[in-house]
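Commentary on secondary and tertiary structure
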Amino acid sequence: MLRRLTAAAALLAAALTATPAAAADTPLRDLAEARGIYLGTAVTAGKLTGGYADVAGAQFGSVTPGNEMKWGSVEPTRGAYDWAGADRVVAFAEAHGQQVRGHTLVWHSQLPSWVSDGTWTADQLRTVMTDHIAAEAGRYKGRVDHWDVVNEPLNEDGTLRQSVFGATLGESYIADAFRAARAADPAAKLYLNDYSTDAIGAKSDGMYNLVKRLLAQGVPVDGVGFQAHLILGQVPASLEANLRRFADLGVDVAITELDIRMPLPATAEKLDRQKADYAAVLRACLAVTRCAGVTVWGFTDSDSWIPDFFPGEGAATPYDENLNPKPAHAGIAGTLAPVTPPAPGVCSVTYAVSSQWTGGFTAQVTLRNTGTAALAGWTVRWTQPAGQRVTQAWNATVTQTGAEVTATPLPYNTTLPPGGTVSFGFNGAWTGTNPPPAALTCT
Ligand code: 9MR
């Protein structure tokens, strides 16, 4: 669980002078870290040598063992553990200053038959489950940053999946699993993880209500993972709003298994579409403050589950089978590129009172990018000359300290193309006179 804050700080300082070419060469993990998120990948322990290991170590700030921490891998026979693959991934992460997403403690799939086919009373199964959690999360205590404690608990309609756990224990198994994980590794962030919960809909509504119930019971759920196994051209329009509504419950969110599959063969046109799709997912995470990071489910097409599970489809990851970056890689890098504040003199700003009544008024402020490059972030400042107070604002975050007012963007109007404008408004209170500010500055 190493942190690379110094690298992030250095990158942030360098960002002010970075040319696009330099940004393109910066490892994805450093670009992500400078923007406050991690970029991770699933890996296969047995492949962590040569070029595969070089790319995984250099470009990604977090690793998830694709299969090596699953119950069937680590405890194929009751009480007989095989940690070899999981140990290898954790050691690789530590050698490369990476975080680890542990995946996964309780899941209905890749479960050893002694668990799935056993005949259990509720008490027996609960003990089997919490013993397993204690053994695995305990072994990696302090070395796993995020645990997928329970994976895929829901049916497509948002109801509880009738896995051996759900059928035998009901929903209570989820609370028990999280409590056991917290006891085994108090420092790890504990996640509930599922697929097809990326858009707002029946299944994500089910997850939302489940998380709400768990939090109300004091269950230590720290985060919700959205797998995001997506189809080309179908990044859900509601992804960002969905992440935000979970974050508003007071949990972290993360994209945990991103891939974007396409019908083979891959063409330039499809790869271009995929680039835009990867960028859209990254943007959604960046826009939500509590989005901790994005993990791709395999970084190379040579290590992707898609061709085996969806015959005729593939090319779902950011690197091709020969470890060459695909357009999706540039889509990720471009979206994670440093945000540089605009240089002075590249924007203009106007202020107009659109209506006024006794004691109150509404004003509109319009900011224009007068430069030739896109503005990635902006701030408008002014001084209220006659004691006016801002009471409510829209389309920007407006704060007032004394007479000084500062307006900053919302996620959807942060970026301003050359020649583009952003308008925001506010209501204010006034007494005596209501003169406009002498000057407004934008940076
Ligand atoms: O990538 C994993 C693949 O190698 C396995 O064969 C498969 C078995 O179900 O599991 C894959 O990973 C899954 C992950 O653990 C949970 N979400 C769905 C992933 C793709 O199936």
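Before reading on, note that the structure itself is shown above.
Okay, so let's go over this structure. (Residues numbered from 1 in each chain as written. Predicted model: local features only at pLDDT ≥ 70, side-chain atom pairs only at ≥ 80, totals over all residues. Heavy atoms only, no water.)

1. Remarks on the state of the cysteines
- Summed over all chains, the structure comprises two disulfides.
- Across a sulfur-sulfur distance of 2.0 Å, Cys-285 and Cys-291 are joined as a disulfide pair. Sign of the S-S torsion, about -100° for the bond between Cys-285 and Cys-291, identifies this disulfide as left-handed. Across this residue pair, the class does not change: Cys-285 and Cys-291 are buried. (Disulfide = S-S within 2.5 Å. Buried < 20%, exposed > 50% of the residue type's maximum accessible area, 1.4 Å probe, protein only.)

2. Concerning the packing of aromatic side chains
- According to the stated counting rule, one finds 19 aromatic pairs in the structure shown.
- Look at Trp-83 and Tyr-140: their rings are 5.8 Å apart centre to centre, the planes differ by 80°, and that puts the pair in the edge-to-face class. One end of the pair, Trp-83, is in the loop between helix H5 (71-74) and helix H6 (84-95); the other, Tyr-140, is in the loop between helix H8 (122-139) and strand S4 (146-151), and 57 residues separate them in sequence. When sorted by exposure, Trp-83 lands in the same class as Tyr-140, which is buried. (Phe/Tyr/Trp six-rings, centres within 6.5 Å; stacked < 30°, edge-to-face > 60°. Helix = DSSP H or I, 4+ residues; strand = E, 2+ residues; numbered from the N terminus.)

3. Describing the site of the ligand
- Around the ligand, the surrounding shell holds 13 residues, and the nearest of these are Asn-67, Lys-70, His-103, Glu-257 and Trp-297.
- Gln-110 is positioned such that a nitrogen or oxygen atom in its side chain is 3.3 Å from an oxygen atom of the ligand.
- Separating a nitrogen atom of the ligand from a side-chain N or O atom of Glu-152 is a distance of 2.9 Å.
- When its residues are assigned to classes, the shell around the ligand shows four nonpolar, six polar and three charged. (Near = heavy atom within 4 Å. Polar contact = N/O pair within 3.5 Å; in protein donor to acceptor, adjacent residues only side chain to side chain. Nonpolar A, V, L, I, M, F, W, Y, C, P; charged D, E, K, R; others polar.)

4. Focus: the nonpolar core
- Formed by 95 residues in total, the largest nonpolar core has its most connected members in Phe-165 and Leu-258.
- Top contributing element to this core by residue count: helix H10 (residues 172-184), with eight residues.
- Setting aside its immediate chain neighbours within four residues, Leu-258 contacts Gln-227, Ala-228, Leu-230, Tyr-278, Val-281, Val-294, Thr-295, Val-296 and Trp-297.
- Counting 23 residues, the second largest nonpolar core, distinct from the first, contains Tyr-351, Leu-367, Val-398 and Val-405. (Core = buried A, V, L, I, M, F, W, Y, C linked by side-chain atoms within 4.5 Å. Contact = heavy atoms within 4.5 Å.)

5. Regarding the environment of Leu-336
- Turning to its location among the elements, Leu-336 is positioned in helix H15 (residues 327-336).
- For Leu-336, a relative accessible area of 0% translates into the label buried.
- Taking the C-alpha atoms as reference points, Leu-336 and Leu-28, separated by 308 residues in sequence, lie 7.7 Å from one another.
- With residues up to four places along the chain from it excluded, the contact list for Leu-336 reads Leu-28, Leu-31, Ala-32, Arg-35, Ile-37, Leu-282 and Leu-286.

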